[in-house]
Amino acid sequence: MIPSLLAWFTDPANWSGPDGIPTRVLEHLVYTGVTVLVAAAIAIPLGLWVGHTGRARWLVSLANSARAVPTLGLLFAAVLWVGPLIPGSLAFTLPSIAVLVLLAIPPLLAGTYAGIEAVDPAARDAAAGVGMRGRQVLWQVEVPNALPLILSGTRSAVLQVVATATIAAYVGLGGLGRYLIDGLALADYPQTAGGAILVAVLAVALEGLLALLQRRVVSPGLTGRAAAGSRNDDDARAPEESDGTTVDLRTHA
Amino acid sequence: MIRFDAVTKQYPDGTVAVDDLSLTAPTGRITVLVGPSGCGKTTSLRMVNRMIEPTRGSIALDGRDTGRMDQAELRRGIGYVIQHAGLFPHRTVLDNIGTVPRLLGWSRRRTRERSRELLERVGLDPHLGDRYPAQLSGGQQQRVGVARALAADPPVMLMDEPFSAVDPIVREQLQDEFLRLQGELGKTIVFVTHDIDEAIKLGDQVAVLRVGGRLAQVAEPAYLLAHPADDFVADFVGRDRGYRALQFQETPRLALRAERTVVLGEQPGTAESGWLLVVDDDRRPLGWVEPARIGARAVEDSDLHRGGTVARQSGTLRGALDAALSSPSRRGVVVDESGSLVGTVLAHEVLSAIEENDRPEREEGDPVRGGAVTIAGDGA
Amino acid sequence: MDWLSQNWRTVIDLAGAHLYLAGVPLVIGLVVSVPLGWAAKRWNRSYPAIITTTGLLYTIPSLALFVIMPLLIGTQILDPANVVIAMTIYTVALLVRTVADGLKAVPDHVEQAATAMGYGGARRLFGVELPLAVPVIASGLRVAAVSNVSIVSVASLIGVAQLGDLLVDGFNRVIAGELVTGILATVALALALDAVIVVGTRALTPWTRVVGGRP
């Protein structure tokens, strides 16, 4: 099995053209990028609003319980019922993208909301007390402190989308999932396995990149990395910080 | 000056947190609000900067009705210190301190300079400036909280149990430093605490509130101790009132006795029963020993009985009495400013001095109602 | 609905297979996660390493993992074992962190009191720490259970029979009733499993019931 797999990877034909590896990788990245951006544009403001005002918390619970619905089912349902309404080749891609966006919203929403909720109430009180207006409290204090969990939610969302996009190849979406699905249909195991490995590598690489981004963007005062300093004298107010990524909100697919 | 005018806070479900509070916090003085849980002291404090809005009545800051001012601007002119400091974890210590100046539009450079200055002022090491709050101890965080409140040099400060979240030793340090700072700055301060001892130690004026938000009594600490208005206040102020009031008494000159001493490391030179005072080369008292136990050898560190406290000659009668009571020989050790032995005093001699002294508080009834407060004799 | 009334036997069969494929990994995963999680908590330096490795495994999309299994363990492509093992890996990845955090959440003073009374290592773990960590572990288990049920349906794409077959067949033959039944049955199974865990947790933690049922 391994030799034929290697052969698939080294075959130059697989590296060019519309079915070539670079094209498929790019497609997959584009789907992921667009989806997460759209989902973020919906979920993050919503999460900020729910967290800041404390209203409509049921939205977050609802989003979390969406975890129980099988992604495959959603994809199929979307293509069957929404697809016919859309002309041309987009009949397959658009419903799939819509489902991807829908699936990316819960982790982003939950992460944003949890992040804002986790902000130290004393810090919030102090922010208002020193004379910050509502908007200033939100952007200068709440969001920076919520960043670890917001980014954690983003990572979950990205992985969710990468995984679901892979499966969506079954209903006609492009991307790396094509190799898996086509390979299965043709009983071409090297292609299937090749696609699987590529997807796995892509997922891990994205996760790593985002983790690095998180380290850069989040204030060192929040990550507990800074807590190695001098904490002599009186009472130890030991913060139980890790790197803030305590939220695993993936529905997975 | 802060004036509460018939201020009431009632919640929609009917609970009354503050009930018809009328009180004046004089300019440049510390007014302490104290009382048991549920007495509305924190609520009252938070109505000054409108973190909570009064249901009835008004609060005036130097004559201006706070209800009419813009909320954010009002708060930028008031220093606000809370329990657990409420520092912004994502900002460095210096950035935390500079919060209000930045809000007011100061330049970055000016803000930084001011922040550094305040860091030192509150007694912190300059290199802590670039640290994050999570790297600081509780006491250090509180100091930063105070520095942040002082950054824009507001004339008024509101402090809500700022020293409660630290252990007693640190608390005492913070209280002493706070008094020193206030001595330099002279802000108008409203301070909330549940600890009557802290209230008496820090307050120029103490307002005792009862559960349900009514004012029970407001007076200078010495007067409060001597003339509690009713059983509730008497109970709340607690026992040992007379003893605690001693710290406010003026210190008469006590007649001190000469005391025989031995320097640490030398032989006692006597075999009498009883106690002998041990000093160092500068005549600073180290402890007591029993020569009968030691015999002919030199006095060592492990022989010392350290139980007795040491009173300063310029200190309070309370200190002198305690020195006498705690000393194993019943002779209280008194030292001068540099810590060198002056002499000893017996308990009954201190008590005689107390009895001969005038009572510290004035007898004219509550000294504070809408006017300035004058302090009758600093005890410490 | 018509389709369901005519085909309920098939649905039951598939649901049984689905329960097996989702449930067995849950049990094995839990058993494996407890020692791993305990190790991660006990030796603090290993915590990041263990958590990162398991986290990385969770990153791999399910279809990809199902397909790579034959390469790793030499099974056939259509072997259900691929699914069970892959799902176990996911469960472990999810639960190790939960177990570690659950054990960390046991108050220090309780641990120390137990040690002072003479509880040795293993007895303390099983007699004191684990029971107290049950609420946290249970919440992680619920997430894993629901997650597993949802993911397993993907296995239809590699020909392993379970409720996902209703989805694929309903889609391919455009039978709306079948597709909808498939979705609802999967959701129902997930919720049922979730409920079982909740009830089981309550049974294991009688002290929370007395206090007012906070989980």
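Residues numbered from 1 in each chain as written. Chains lettered and ligands numbered in written order. Predicted model: local features only at pLDDT ≥ 70, side-chain atom pairs only at ≥ 80, totals over all residues.

## Overview of the overall build of chain C
Put simply, the test is: A run of H or I in DSSP becomes a helix once it reaches four residues, and a run of E becomes a strand once it reaches two; helices and strands are each numbered from the N terminus. In this scheme every C-beta is placed from the backbone, and a residue whose C-beta has 20 or more other C-beta atoms within 10 Å is buried, one with 12 or fewer is exposed, and one in between is partly exposed. The contact criterion used here is simple: two residues whose C-beta atoms, placed from the backbone, lie within 7 Å are in contact.
Counting secondary structure elements, chain C contains nine helices and zero strands. For chain C, the N- to C-terminal ordering of α and β elements is α-α-α-α-α-α-α-α-α. Out of the 215 residues in chain C, the part that is buried amounts to 44%. In chain C, of all internal contacts separated by at least 6 residues, the share reaching a separation of at least 24 is 71%.

## A closer look at the overall build of chain A
Helix and strand content of chain A: ten helices and zero strands. The helix and strand sequence of chain A, counted from the amino end, reads α-α-α-α-α-α-α-α-α-α. Here chain A holds 253 residues, and the buried ones make up 51% of them. Long-range contacts, defined here as pairs at least 24 residues apart, represent 72% of the contacts in chain A between residues at least 6 apart.

## A look at the interface of chain C and chain A
Applicable threshold: Classes in brief: Ala, Val, Leu, Ile, Met, Phe, Trp, Tyr, Cys and Pro nonpolar; Asp, Glu, Lys and Arg charged; the others, Gly included, polar.
The interface of chain C with chain A comprises 32 residues on the first partner and 33 residues on the second. A per-element tally of the side of chain C that touches chain A places helix 8 (residues 176-204) of chain C first, with seven residues. A breakdown of the residues in the side of chain C that touches chain A according to their chemical character gives 23 nonpolar, nine polar and no charged.

## Some thoughts on the pairing of strand 13 (residues 285-289) of chain B
Within a regular strand, side chains alternate between the sheet's two faces. Residues and elements named next belong to chain B. Where we set the bar: Two strands are counted as paired when DSSP detects at least two bridges linking them.
Of the pairings in the sheet, the one linking strand 12 (residues 276-279) to strand 13 comprises four bridges and is antiparallel in character. By the bridge assignment for strand 13, leucine 277 is matched with tryptophan 288. Here strand 12 folds back onto strand 13 in antiparallel fashion, the turn holding five residues, of which arginine 283 has a positive phi close to 65°.

## Here we look at the confidence of the model for chain C
Residues and elements named next belong to chain C. Put simply, the rule is: The pLDDT score gives, residue by residue, the confidence of the prediction method on a 0 to 100 scale.
Of the residues in chain C, 96% have a pLDDT of 70 or more, and the chain-wide mean is 86. Element-level pLDDT for chain C is lowest in helix 9 (residues 206-211), with a mean of 71, against a maximum mean of 91 in helix 7 (residues 164-172). Both scores are given for the predicted complex: the pTM is 0.77, the ipTM 0.82.

## Some words on the interface of chain A and chain B
Facing the 30 residues of chain A at the interface are 30 residues of chain B. Listed by contribution, the elements that provide at least two residues to the side of chain A that touches chain B are helix 6 (121-129), helix 7 (134-168) and helix 10 (220-223) of chain A. If you tally residues by element for the side of chain A that touches chain B, the top one is helix 6 of chain A, at six residues. Split into classes, the residues belonging to the side of chain A that touches chain B amount to 13 nonpolar, nine polar and eight charged.

## Structural notes on unusual backbone geometry
Leave glycine aside and you will find that most residues have negative phi; peptide bonds, for their part, are mostly trans. At B:Ala6, a residue that is not glycine, the phi angle is positive and equals roughly 50°. Positioned with a positive phi, B:His84 is a non-glycine residue whose angle comes to about 60°.

## Regarding the packing of helix 5 (residues 108-117) of chain C against helix 6 (residues 121-152) of chain C
Residue and element names in this part refer to chain C. Put simply, the test is: Helix axes are fitted to C-alpha atoms over the stretch in contact, other axes to C-alpha atoms as well, and angles between N-to-C directions run from 0 to 180 degrees. These descriptions rest on fixed angle ranges, namely under 35 degrees for roughly parallel, over 145 for roughly antiparallel, 65 to 115 for roughly perpendicular, and the rest for oblique. For any helix crossing, the convention is left-handed if the near helix is rotated counterclockwise from the far helix by under a right angle, and right-handed if that rotation is clockwise.
Direction vectors running N to C along helix 5 and helix 6 enclose 160°, while the axes themselves pass 11 Å from each other. Judged by the angle between their axes, helix 5 and helix 6 are roughly antiparallel. Crossing hand, helix 5 versus helix 6: right-handed. Contact residues: Val110, Glu111, Ala114 and Thr115 in helix 5; Arg124, Val128, Glu129 and Leu132 in helix 6. In the contact of helix 5 with helix 6, the residues fall into four nonpolar, one polar and three charged.

## What about the arrangement of the chains?
Across the two pairs of chains in contact, the largest number of contacts is found between chains A and C. The two units chain B and chain C remain apart, with a minimum C-alpha distance of 20 Å.

## Focus: the nonpolar core
Put simply, the rule is: The term nonpolar core means buried Ala, Val, Leu, Ile, Met, Phe, Trp, Tyr and Cys residues held together as one set by C-beta atoms within 7 Å.
The biggest cluster of nonpolar side chains holds 228 residues, and the ones touching the most others in it are A:Leu75, A:Ala104 and B:Val206. Ranked by residues supplied to this core, first place goes to helix 7 of chain A with 16 residues. Once you skip the residues sitting within four places of it in the chain, B:Val206 turns out to touch B:Val32, B:Val34, B:Ala199, B:Ile200, B:Val218, B:Ala219, B:Pro221 and B:Leu224.

## Quick notes on the sheet that holds strand 12 of chain B
Residue and element names in this part refer to chain B. Ordered in space as 11-12-13, the three strands form an open sheet in which the pairing is mixed. This sheet does not close on itself; its edge strands, each paired only once, are strand 11 (261-263) and strand 13. Neighbour-to-neighbour, the strand axes of this sheet turn through a mean angle of 35°, independent of strand direction. Of the pairings in the sheet, the one linking strand 11 to strand 12 comprises three bridges and is parallel in character. Bridge pairing in strand 12 places threonine 261 opposite leucine 277.

## Topic: the sheet that holds strand 4 (residues 56-61) of chain B
Strand order in the open sheet made by the four strands is 2-1-4-5 (chain B), with antiparallel pairing throughout. Each of the sheet's edge strands pairs with one partner strand only, and the pair in question is strand 2 (16-25) and strand 5 (64-65) of chain B.

## Notes on the pairing of strand 16 (residues 341-346) of chain B
Residue and element names in this part refer to chain B. Taken together, the five bridges between strand 15 (residues 331-335) and strand 16 define a ladder with antiparallel strand orientation. Paired with valine 334 across the two strands is glycine 343, which belongs to strand 16. Linking two consecutive strands that pair antiparallel, namely strand 15 and strand 16, is a turn of five residues; a positive phi of about 95° is found at glycine 339 within it.

## Regarding the packing of helix 1 (residues 2-42) of chain C against helix 6 of chain C
Residue and element names in this part refer to chain C. Two numbers describe how helix 1 lies on helix 6: the axes approach to 10 Å, and their chain directions differ by 145°. Handedness of the crossing formed by helix 1 with helix 6: right-handed. Contacts between helix 1 and helix 6 involve His18, Leu21, Ala22, Pro25, Leu26, Gly29, Leu30 and Trp38 on the former and, on the latter, Leu125, Leu141, Ala144, Ala145, Asn148, Val149 and Val152. Broken down by class, the residue content of the contact of helix 1 with helix 6 amounts to twelve nonpolar, three polar and no charged.

## Here we look at the environment of B:Arg253
Residues and elements named next belong to chain B. In this fold, arginine 253 is placed in the loop between helix 11 (241-245) and strand 11. When the 7 C-beta atoms within 10 Å are taken as the criterion, arginine 253 is described as exposed. Along the primary structure arginine 253 and serine 314 are separated by 61 residues, whereas in three dimensions their C-alpha atoms are 8.6 Å apart.

## Comments concerning the environment of B:Arg91
Residue and element names in this part refer to chain B. One can find arginine 91 in the loop between strand 6 (78-82) and helix 3 (93-97). Look at arginine 91 and you get buried, because 21 C-beta atoms sit within 10 Å. Note: C-alpha distance between arginine 91 and arginine 260 (169 residues apart in sequence) is 59 Å.

## Concerning the environment of A:Phe9
Residues and elements named next belong to chain A. Along the polypeptide, phenylalanine 9 turns up in helix 1 (residues 2-10). For phenylalanine 9, a count of 14 C-beta atoms within 10 Å translates into the label partly exposed. Expressed as a C-alpha distance, the spacing of phenylalanine 9 and arginine 178, which sit 169 residues apart in the sequence, is 15 Å.

## What about helix 13 (residues 317-326) of chain B?
All names here are of chain B. By the criterion of burial, helix 13 is predominantly enclosed, with eight of the ten residues buried. Turning to helix 13, its buried residues number three or more, namely Leu317, Arg318, Gly319, Ala320, Leu321, Asp322, Ala323 and Ala324. On its buried face, helix 13 sits against helix 11, strand 14 (310-312), strand 15, strand 16 and helix 14 (347-356).

## Concerning the confidence of the model for chain A
In this model, chain A carries an average pLDDT of 82, and 88% of its residues clear a pLDDT of 70 or more. Below pLDDT 50 for its whole length, residues 226-253 of chain A participates in 82 contacts with residues either more than four positions away or in separate chains.

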